[in-house]
Amino acid sequence: MALQFSNVTRKGPITIVTLSRPEVYNALHTDAHFELEGVFNDFSADPEQWVAIVTGAGDKAFCAGNDLKWQASGGKRGWGETGFAGLTSRFDCDKPIIAAVNGVAMGGGFEIALACDLIIAAENATFALPEPRVGLAALAGGLHRLPRQIGLKRAMGMILTARHVSAKEGHELGFVNEVVPPGEALAAAERWAETICAVSPMSIRASKQTLSRGLDVSLPQAIAEQRDYPAVKAMVASQDYVEGPKAFAEKRKPNWQGK
């Protein structure tokens, strides 16, 4: 697939997706959304790719959200069934996705980051859901994910004021996992990804799916049903399920197959 608005790099089992519209702070329009949907579809379907990182081109922006100038000029607005950037409505990917935020993450850009499993932010990163300033609302998941991730009152404080939050405050609020010096977000995200890749990818997928599905039901129901989750069944039936205990007993590094 020829890419116009993003770049994809693969480092072993790690896929790095770079939003590449730096002239508009990596803001996204319809064509970019559909391109990214295809990119993340490919990542999800590739058994050799275990972790994805999404970041933005340049050092000023992760993603400034919806391309308002495009919209104001009459450009068609919309995205595919997997949502903004092909991520915000993607609920069937059990592989970890990390956001490496290297500048502004506004509106839809923040919603992309919130849809990821981890957020690594440079000190110059800034987060906000500023849609009410332009007569819109954060309907690509931000209004639902933010209170789930940091609590109702804290989320209301950000949403109702549309205020900007620094990387440091984001870490204090709990939606940022690590803050690093400017220019180091991607390298830090790769470090996290490499650490994840050192353990069984089948176990990681089972863990992510169990956590995600379990949050939607009561604790007793989650515990009762977890062994029937597809990723848990796949883990138990996998080569990794045999390799892990065997490597432990033989005091050697496991040779994970991811299947």
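Residues numbered from 1 in each chain as written. Predicted model: local features only at pLDDT ≥ 70, side-chain atom pairs only at ≥ 80, totals over all residues. Heavy atoms only, no water.

**Q** Any chance you could explain the pairing of strand 1 (residues 6-11) here in plain terms?
**A** On any regular strand, side chains alternate: one points to one face of the sheet, the next to the other face. Summarising the sheet, strand 1 and strand 2 (residues 14-19) pair through 6 bridges and their orientation is antiparallel. In the strand pairing of strand 2, Asn-7 is matched with Thr-18. Counting the residues that bridge the hairpin from strand 1 to strand 2 gives 2 residues, and of these Gly-12 lies at a positive phi of roughly 60 degrees. (Pairing = 2+ DSSP bridges. Helix = DSSP H or I, 4+ residues; strand = E, 2+ residues; numbered from the N terminus.)

**Q** Quick question: what am I supposed to make of the environment of Ile-53 here?
**A** Tracing the sequence through the fold places Ile-53 in strand 3 (residues 51-56). For the pair Ile-53 and Ile-97, spaced 44 residues apart in sequence, the C-alpha separation works out to 5.7 Å. Among residues more than four places away in sequence, those in contact with Ile-53 are Ile-14, Thr-15, Ile-16, Val-17, Ile-98, Ala-100, Leu-186, Ala-189, Glu-190 and Ala-193. (Contact = heavy atoms within 4.5 Å.)

**Q** Explain unusual backbone geometry here, please?
**A** Peptide bonds are trans in most cases, and residues, glycine excluded, mostly fall at negative phi. A positive phi angle, near 60 degrees, is found at Asn-26, a position not held by glycine. Within the secondary structure layout, Asn-26 lies in the loop between strand 2 and helix 1 (30-45). Positioned with a positive phi, Ala-162 is a non-glycine residue whose angle comes to about 55 degrees. By the secondary structure assignment, Ala-162 is in the loop between helix 5 (152-159) and strand 9 (165-166). Judged by relative accessible area, which is 3%, Ala-162 ranks as buried. (Buried < 20%, exposed > 50% of the residue type's maximum accessible area, 1.4 Å probe, protein only.)

**Q** Explain the sheet that holds strand 4 (residues 61-63) to me, please; I cannot follow it from the model alone.
**A** Where strands meet in a sheet, backbone hydrogen bonds hold them as pairs that are either parallel or antiparallel. Taken in spatial order, the 4 strands make up an open sheet running 4-6-8-9, and their pairing is mixed. Each edge of the sheet is formed by a strand with only one pairing partner; in this case those strands are strand 4 and strand 9. As paired strands, strand 8 (residues 126-128) and strand 9 are joined by 2 bridges and run antiparallel to one another. Residue pairing across strands places Thr-126 opposite Ser-166, the latter belonging to strand 9.

**Q** Would you mind going over the sheet that holds strand 10 (residues 178-180) with me for this structure?
**A** Pairing within the open sheet is mixed, and its 6 strands lie in the order 1-2-3-5-7-10. Among the strands making up the open sheet, the edge pair consists of strand 1 and strand 10. Direction aside, neighbouring strands of the sheet carry axes that sit 20 degrees apart on average. As judged from the 6 bridges shared by strand 2 and strand 3, these two strands associate in the parallel manner. Bridge pairing in strand 3 places Thr-18 opposite Thr-55. (Axes fitted to C-alpha atoms, helices over the stretch in contact; angles between N-to-C directions.)

**Q** I would appreciate a short explanation of the packing of aromatic side chains in the present structure.
**A** Aromatic ring pairs: the centre-centre distance and the angle between the two ring planes describe each pair. One pass over the structure, following the stated rule, counts 4 aromatic pairs. A centroid spacing of 5.4 Å and a plane angle of 55 degrees characterise the contact between Phe-110 and Phe-127, whose relative ring orientation is tilted. Taken together, the residues Phe-110 in helix 3 (residues 108-115) and Phe-127 in strand 8 connect sequence positions 17 residues apart. With a centroid separation of 5.1 Å and an interplanar angle of 80 degrees, the aromatic rings of Phe-127 and Phe-175 are classed as edge-to-face. Taken together, the positions of Phe-127 in strand 8 and Phe-175 in the loop between helix 6 (167-173) and strand 10 put the pair 48 residues apart, joining distant regions of the chain. Of the two residues, Phe-127 and Phe-175, neither departs from the other in class, the shared state being buried. Among the aromatic residues, those joined into a ring-pair cluster are Phe-110, Phe-127 and Phe-175. The ring of Phe-43 carries Lys-95 above its face, with NZ or CZ at 5.0 Å from the centroid. (Phe/Tyr/Trp six-rings, centres within 6.5 Å; stacked < 30°, edge-to-face > 60°. Lys NZ or Arg CZ within 6 Å of the ring centre and 35° of its normal.)

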